[in-house]
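# A structural walkthrough
Listed below, chain by chain, are the residues.
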Amino acid sequence: MNWYEKLNQYFPIEEMKSKEHMELLLKEQREVYHKDEGEHHVLMYAEFEQFIFIDYLFVSSNARGQGLGRKLIEKLKNKNKPIILEVEPIDYEDSDSEKRLRFYKREGFQHASSIGYRRRSLATNEVNQMEILYWSPTNEDEETIYNGMKKMYEQIHTYKDKQLYGESYEAVEKVLTYNENNEDDMLRQI
């Protein structure tokens, strides 16, 4: 099974980029967009000057619990930049979503409570709400994480979208929102 089939079997259709989209990113954005794959994993990520965005992280079911996911995250943490990723909200009928969130929490990722993320899928036309998680070696504030997400959305998620899908994703201002009051509330609770 090739790397794209592994991702496509694991991630919901509304979260998947087309194979052509990812191959184009790997070819035309190779200074930013990367693939790390092995027999039991696929990691797709974008590394910008100021941060890293994990696009997809897949570890095969027969390799889970052996520390492979942790090693892949550690490899990115060693670059000493904030790491940002999107996850679907916990679905208590899908144990994988809960396990995924627990894994990232164990790895020191925080929930960006001030960032809202709702994107219409070009594959299903449904609006998907996602959670933003981040890890930062330098305690970046959520506004910095939000600005990183905006950059990533415009340079990775919507890269040549009209050409690839026949239509464009929604503008970043419609998809991502920032409510600094949520971050202030979180700081007061600490």
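From a predicted model like this one, the values you see are computed outputs, not experimental measurements. (Residues numbered from 1 in each chain as written. Predicted model: local features only at pLDDT ≥ 70, side-chain atom pairs only at ≥ 80, totals over all residues. Heavy atoms only, no water.)

Our next topic: the sheet that holds strand E3 (residues 52–59). Sheet architecture is open: 6 strands sit in the order E1-E2-E3-E4-E8-E5, paired in mixed fashion. On the outer flanks of this sheet lie strand E1 (33–38) and strand E5 (110–111), each paired with one strand and no other. Looking at chain direction, strand E4 (residues 83–87) and strand E8 (residues 131–135) are connected through 5 bridges and run antiparallel. Within E8, the residue paired with Glu86 across the bridge is Ile132. Contacts from helix H2 (residues 19–28) reach E1, strand E2 (41–47) and E3 within the one sheet, and its direction differs from that of E1 by about 110°. Contacting E1, E2, E3, E4 and E8, helix H3 (residues 68–77) crosses the sheet at an angle of about 165° to E3. (Pairing = 2+ DSSP bridges. Helix = DSSP H or I, 4+ residues; strand = E, 2+ residues; numbered from the N terminus. Contact = heavy atoms within 4.5 Å. Axes fitted to C-alpha atoms, helices over the stretch in contact; angles between N-to-C directions.)

The next subject is the pattern of salt bridges. Tallied over the full model, the rule gives 14 salt bridges. Salt-bridge contacts for Lys160 lead to Glu28; the nearest nitrogen and oxygen are separated by 2.7 Å. Taken together, the residues span a long stretch of sequence, with Lys160 in the loop between helix H5 (142–157) and helix H6 (161–165) and Glu28 in helix H2 at a distance of 132 residues. A salt bridge links Glu88 to Arg100; its shortest N-O distance comes to 2.3 Å. Here Glu88 is found in the loop between E4 and helix H4 (95–106), whereas its partner Arg100 is found in helix H4, with 12 residues between them in sequence. What makes Glu88 buried here is its relative accessible area of 17%. With a relative accessible area of 15%, Arg100 lands in the buried category. (Salt bridge = Lys/Arg side-chain N within 4 Å of Asp/Glu carboxyl O. Buried < 20%, exposed > 50% of the residue type's maximum accessible area, 1.4 Å probe, protein only.)

Once that is clear, we can look at the layout of surface pockets. Here the largest pocket is characterised by a volume of approximately 440 Å³. Taken together, 19 residues line the largest pocket, and the ones lying closest to its centre are Val59, Arg64, Lys99, Phe103 and Arg106. Every element with two or more residues in the lining of the largest pocket is listed here: E3, H3 and H4. Of all the elements, H4 adds the most residues to the lining of the largest pocket, at 7 residues. (1 Å grid on protein atoms, 1.4 Å probe; cavity = no way out; pocket = protein on both sides within 12 Å on 5 of 7 lines; lining within 4 Å. Points joined across faces, edges and corners; volume = space filled by probe spheres on them.)

This part takes up the environment of Gln29. Here Gln29 lies in the loop between H2 and E1. Accessibility expressed as a relative area gives 15% for Gln29, which makes it buried. As for Gln29 and Val87, which are separated by 58 residues in sequence, their C-alpha atoms are 23 Å apart. Contacts of Gln29, omitting those with residues within four sequence positions, involve Leu24 and Tyr159. Polar contacts involving the side chain of Gln29 include one to the side chain of Tyr159, which spans 3.5 Å. (Polar contact = N/O pair within 3.5 Å; in protein donor to acceptor, adjacent residues only side chain to side chain.)

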